[in-house]
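Analysis of the macromolecular model
This is what each chain is made of:
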Amino acid sequence: MATFTGFPKDTLEFLDDLGHNNNRAWFAEHKLRYEASVLAPALALIESLKKPLDKVAPMLSVEAKKSGGSLMRIYKDTRFSKDKTPYKTNIGIQFRHVAGKDVHAPGVYLHIANDECFFGAGMWRPDAAALQKIRAAILSDPTVWKKAVDGKRFRETYSLYDDRLKTAPRGIDREHPLIIDLRLKSFLGTCYLKRAQIESPQLLSDIPRFVKQAAPLMGFLCQAVEQPY
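On a predicted model such as this, the values are computed, not experimentally measured, just so you know.

Conventions we followed
Position labels on residues start from 1 in each chain and follow its written sequence. Under the rules for a predicted model, residues below a pLDDT of 70 receive no local features and side-chain atom pairs below 80 are neither given nor counted, while totals for whole chains, interfaces and linings still include all residues. Computation of side-chain values covers all heavy atoms of the structure but excludes hydrogens and water. Here, axes are lines fitted to C-alpha atoms. For helices the fit covers the stretch in contact, and angles between N-to-C directions go from 0 to 180 degrees. Working definition: helices are DSSP H or I runs of at least four residues, strands are E runs of at least two. Numbering for both runs from the N terminus. Left-handed describes a crossing whose near helix is turned anticlockwise from the far helix by less than a right angle; the clockwise case is right-handed. A contact between two residues is defined here by any heavy atoms of the two lying within 4.5 Å. Residue classes follow a fixed rule: Ala, Val, Leu, Ile, Met, Phe, Trp, Tyr, Cys and Pro count as nonpolar, while Asp, Glu, Lys and Arg count as charged, and any other residue, Gly among them, counts as polar. Throughout, exposure labels follow a simple rule: accessible area from a 1.4 Å probe, protein chains only, divided by the maximum for the residue type, with under 20% read as buried, over 50% as exposed, and the rest as partly exposed. Any carboxyl oxygen of Asp or Glu within 4 Å of a side-chain nitrogen of Lys or Arg constitutes a salt bridge here. For classification purposes, angles smaller than 35 degrees are called roughly parallel, those larger than 145 roughly antiparallel, those between 65 and 115 roughly perpendicular, and all remaining angles oblique. Pairing of aromatic rings covers Phe, Tyr and Trp, the last counted by its six-membered ring, and requires centre-to-centre distances within 6.5 Å; plane angles under 30 degrees mean stacked, over 60 mean edge-to-face, and any other angle means tilted. In this scheme, strands are said to pair when DSSP sees at least two bridges between them. Contacts described as polar in this section are N or O atom pairs within 3.5 Å, which, within protein, must combine one atom able to donate a hydrogen with one able to accept it, while residues neighboring in sequence count only if both atoms come from side chains.

Focus on the packing of helix α5 (residues 142-150) against helix α10 (residues 215-224)
- Taken N-terminus to C-terminus, the directions of α5 and α10 make an angle of 145 degrees; their axes are 7 Å apart at the nearest point. At the point where α5 passes α10, the crossing takes the left-handed sense. For the pair α5 and α10, contact is made by Val144, Trp145, Ala148 and Val149 and by Pro216, Leu217 and Phe220, respectively.
- The residue inventory of the contact of α5 with α10, partitioned by class, reads 7 nonpolar, no polar and no charged.

What follows is the structure in structure tokens.
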């Protein structure tokens with residue numbers, strides 16, 4: 001597989017065009033363009049990250065496959081959605097924990113779209129059991145939690161994703177000093193990327209660095225849900 005040299009300029013242009021022509025006929029006509037500007041560079045990035053990520057986060061799964069691997073499908077599941085357009089207009093790449101079965105598992109995520117490009121690390125909308133364990137870990141180890149999300153190593157790259165309950169979770173004092181964090185539904189650090197970063201081969205070095213800087217949060221979450229990191 002080819003070495004990653006950056007996403008081509010046509011990647012975001014293709015995604016923009018797809019947004020204006022989100023139908024199967026247009027996609028079929030432009031499938032070769034999709035393969036050259038989206039699929040090939042995405043798979044090259046994933047393949048090129050196997051060894052670097054194995055060094056900094058060996059519990060993350062890195063699989064360069066067209067389907068069933070780290071690259072998320074461009075085809076939307078429209079069964080339960082009012083929006084019946086068939087394709088996603090972004091590239092999603094997730095390196096999830098080897099014990100995880102879906103996007104809610106601990107992991108890191110690269111999102112590329114015209115409106116925003118970002119890198120995220122942590123857990124998005126964990127299930128009820130995992131959520132309870134994470135909140136219990138914050139309550140029992142508040143100092144460790146604060147070091148994970150307020151430490152220089154984390155904050156120089158990330159900010160916490162603002163996805164919170166409107167009020168205190170059931171059974172937790174709304175006056176608790178960590179109530180803002182205990183109201184979180186997602187436990188994610190995010191950092192926004194510029195187009196120049198996406199189109200540069202430097203992204204291949206940036207991502208392992210981002211993963212290293214997320215280690216305090218990832219370690220805390222994995223310990224909370226009883227998984228190694």
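Digging into α10
- Residues of α10 that are buried include every one of Leu217, Met218, Phe220, Leu221, Cys222 and Ala224, and no others.
- Buried residues belonging to α10 abut β2 (107-112), β3 (117-123), α4 (128-140), α5, α6 (152-155) and β5 (187-193).
- Of the residues one or two after α10, Glu226 is the one with positive phi, at around 65 degrees.

Quick notes on the pattern of salt bridges
- This structure, assessed with the given rule, holds 18 salt bridges.
- Across the salt bridge formed by Lys9 and Glu199, the nearest N and O atoms sit 3.5 Å from each other. Of this pair, Lys9 sits in the segment before α1 (10-20) while Glu199 sits in the loop between α8 (195-198) and α9 (203-213), and the two are 190 residues apart along the sequence.
- The closest approach of N and O atoms between Arg195 and Glu199, which form a salt bridge, is 2.6 Å.
- Several salt bridges share partner residues, and in doing so they unite Lys146, Asp150, Arg155, Asp162, Arg164 and Asp181 into one network.

What about the packing of α1 against helix α3 (residues 31-56)?
- Running from amino to carboxyl end, α1 crosses α3 at an angle of 130 degrees, the nearest separation of the two axes being 8 Å. Here α3 runs oblique to α1, going by the angle between their axes. For the pair α1 and α3, the crossing hand works out as left-handed. Contact residues: α1 offers Asp10, Thr11, Glu13, Phe14, Leu15 and Asp17, while α3 offers Arg33, Tyr34, Ser37 and Val38.
- The residue makeup of the contact of α1 with α3, split by class, is 4 nonpolar, 2 polar and 4 charged.

Observations concerning the packing of aromatic side chains
- Counting across every chain of the model gives 14 aromatic pairs.
- Ring centres of Trp145 and Phe187 lie 6.2 Å apart, and the angle between their planes is 80 degrees; on these two criteria the pair is classed as edge-to-face. Here the residue Trp145 occupies a position in helix α5, and Phe187 occupies one in strand β5, the gap between them amounting to 42 residues.
- On the basis of an interplanar angle of 20 degrees and a centroid distance of 5.1 Å, the ring pair of Phe154 and Tyr158 is categorised as stacked.
- Put simply, the rings of Phe14, Trp26, Phe27, Tyr34, Tyr75 and Tyr87 touch in pairs and so form one group of aromatic residues.

Considerations on the pairing of strand β1 (residues 91-96)
- Among the 6 residues that make up β1, 5 are buried, leaving the element largely enclosed by the rest of the structure.
- Direction of pairing for β1 relative to β2: antiparallel, over a ladder of 6 bridges. Bridge pairing links Ile93 to Leu110 in β2.

Here's the deal with the sheet that holds β5
- Taken together, 5 strands build an open sheet; the order of strands is β1-β2-β3-β5-β4 and the sheet is antiparallel. Taken across any chain shown, the strands that pair with only one partner, and hence form the sheet edges, are β1 and β4 (159-160).

A short note on the side chain of Asp181
- By the element assignment, Asp181 lies in helix α7 (residues 179-182).
- Judged by relative accessible area, Asp181 falls into the buried class, the value being 6%.
- Side chain to side chain, Asp181 and Lys146 meet in a polar contact 3.5 Å long.
- Dropping the residues within four chain positions of it, Asp181 is found in contact with Trp145, Lys146, Leu160, Arg164 and Phe187.

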